[in-house]
Amino acid sequence: MKNKWIILSVLVAIFDTQLFAKSYIISPLPLPKQEVVDISTEKCDEKCLEKLYNEGKIFSFVAKFKNDTQNIELRANLAVALSKIDSFMQSSVYQDKKSSKVKIALLIPKKIVGRYSVASIDTILAYLMTRGGDFDFKVFDSGSEDPLDLSEAYSKIEQERYEFVIAILTQAGVENFIQSTYISLPTYIPTVNKNQLQKSLKLPSKLVFGGIDYYAQMQTITALAGSASVVEYDDDSPVGSTLGNILDDLDSNVVYKDVVTSQQAATFARNLKNQENFLENSVVILNTPVVKSGLMLSQLAFSTKKPSKILSVQINYSPSILMLVQPKDRQNFYVVSAIGNTNQKLIEYGALLSSDLRYDWVNYSTAIGVEMFFDFQDAKINKFFSELIDNNQVQYINTLYRARGAVFEAVK
């Protein structure tokens with residue numbers, strides 16, 4: 001029998017085990033469990049996977065699927081296959097789904113925000129699979145963020161009668177989008193906070209923003225710094241520049257400021273001697289991404305004069321920094337994050353599709369947007385997120401964490 005599968009007691013797909021345990025939980029109950037086990041030793045490439053899916057052999061398709069597959073069509077087929085398996089298990093106890101089909105379009109300029117393309121697709125699929133029911137999801141690539149390109153892509157979405165739109169855009173892209181396109185459908189921007197936009201810009205009523213509020217996070221940071229002298233290290237990127245400008249606006253007690261390149265971060269210890277007088281008992285604020293921050297934290301340990309605290313906003317809320325820096329070198333490292341708790345099943349599906357909903361704020365924000373559309377259809381749904389939407393902006397609760405051991409521990 002070509003389509004080999006065995007049902008045991010949780011539905012678990014067995015994949016290549018190089019990165020993490022390839023399992024997902026269909027039922028929220030810990031027991032009983034069912035598994036799909038691949039008993040064939042034959043390898044299956046992308047053409048093989050496509051054939052299995054087209055022949056309707058969804059159990060074999062799921063069992064052979066590898067988590068590092070980047071083929072967008074195959075990843076979409078995986079979502080459909082898992083949804084079918086979920087429906088199959090529920091139909092065995094005669095559960096009838098009555099929810100109407102959700103039609104969601106993803107508008108994304110891949111040339112501009114390429115690294116978010118697959119992650120956003122995976123996050124949306126993870127949410128749709130977890131919620132269950134029928135869905136229609138399609139990606140529309142505008143290519144660039146030029147006004148005409150965005151307008152044409154949006155028109156195609158309207159023509160194909162999609163009901164909701166998630167648009168992954170930069171701040172400049174949002175401004176072009178608003179100025180060139182009539183927003184006729186509920187549209188969600190997970191990457192930009194409403195407060196980032198020009199005050200003179202007239203915002204459409206159907207446009208909702210999900211970006212985190214760096215200004216609010218920096219306010220938490222400066223409040224923690226108090227009256228202490230501040231040493232500021234900014235990244236040589238637009239985000240680093242934005243964070244530096246926010247810190248300047250808050251009129252914190254900055255006694256030393258530097259923009260750190262990748263080369264400077266790698267040899268950070270060389271310049272510590274010239275900065276030690278500023279560092280002693282100061283508060284260091286890192287407006288640098290994870291890898292740079294990891295390098296700098298490790299080398300700050302060589303300084304004979306130590307800062308009292310090292311603080312950062314969302315950009316350093318990542319498990320990578322816990323692995324890059326020894327615990328003794330980050331004892332006084334604190335970070336602010338807007339990512340809250342969500343449904344465990346959603347996190348499992350996200351992990352299966354390589355979508356990180358624990359630490360990646362864009363993924364987290366994107367999932368909130370999908371839930372918003374479900375809420376539009378039925379306000380009585382069991383929500384996975386607790387964040388509220390006020391005045392067309394997701395309102396996040398910022399939490400201060402301390403790097404403790406192998407985890408981030410909330411500071412109460």
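Novice: Give a detailed account of helix α6 (residues 171-180), specifying residues and quantitative values.
Specialist: For α6, the complete set of buried residues consists of Gly173, Val174, Glu175, Phe177 and Ile178. The secondary structure elements touched by the buried residues of α6 are β1 (102-108), α5 (147-159), β4 (187-189) and β5 (207-209).

Novice: Before we move on, could you go through the confidence of the model for the chain and cite the residues and values that matter?
Specialist: Residues at a pLDDT of 70 or more form 84% of the chain, whose mean pLDDT is 84. Every residue in residues 1-34 scores below 50 in pLDDT, and together they form 81 contacts with partners more than four places removed in sequence or on other chains. Residue range residues 88-99 is modelled with pLDDT below 50. Its contacts to residues more than four positions away, or to other chains, number nine contacts.

Novice: Quick rundown of the nonpolar core? Include the residues and the values.
Specialist: Phe61, Phe137, Tyr188 and Tyr233 are the most contacted members of the largest nonpolar core, which totals 91 residues. For this core, the element with the highest residue contribution is helix α14 (residues 361-377), accounting for nine residues. Discounting residues that sit within four places of it in the chain, Tyr233 has contacts with Tyr256, Asp258, Val260, Phe268, Gln275, Leu279, Val284, Ile285, Leu286, Asn287, Thr288 and Met296. Listed in part, the 22 residues of the second largest apolar core include Phe140, Val165, Leu169 and Ile178.

Novice: Tell me about the sheet that holds strand β8 (residues 283-287), residues and numbers included.
Specialist: Pairing is mixed in the open sheet, where seven strands are placed in the order β7-β6-β8-β9-β10-β13-β14. Taken across any chain shown, the strands that pair with only one partner, and hence form the sheet edges, are β7 (254-260) and β14 (407-410). Taking each pair of neighbouring strands and ignoring which way they run, the sheet shows an average axis angle of 25°. Here strand β6 (residues 230-235) runs beside β7; their pairing, made up of six bridges, is parallel. Across the sheet, residue Asp234 finds its bridge partner in β7, namely Val259. Strand contacts of helix α11 (residues 290-300): β6, β7, β8, β9 (309-312) and β10 (333-337), with the helix running at about 155° to β8, the strand carrying the most contacts.

Cut-offs and rules
Residues numbered from 1 in each chain as written. Predicted model: local features only at pLDDT ≥ 70, side-chain atom pairs only at ≥ 80, totals over all residues. Heavy atoms only, no water. Buried < 20%, exposed > 50% of the residue type's maximum accessible area, 1.4 Å probe, protein only. Helix = DSSP H or I, 4+ residues; strand = E, 2+ residues; numbered from the N terminus. Contact = heavy atoms within 4.5 Å. pLDDT = per-residue confidence, 0-100. Core = buried A, V, L, I, M, F, W, Y, C linked by side-chain atoms within 4.5 Å. Pairing = 2+ DSSP bridges. Axes fitted to C-alpha atoms, helices over the stretch in contact; angles between N-to-C directions.

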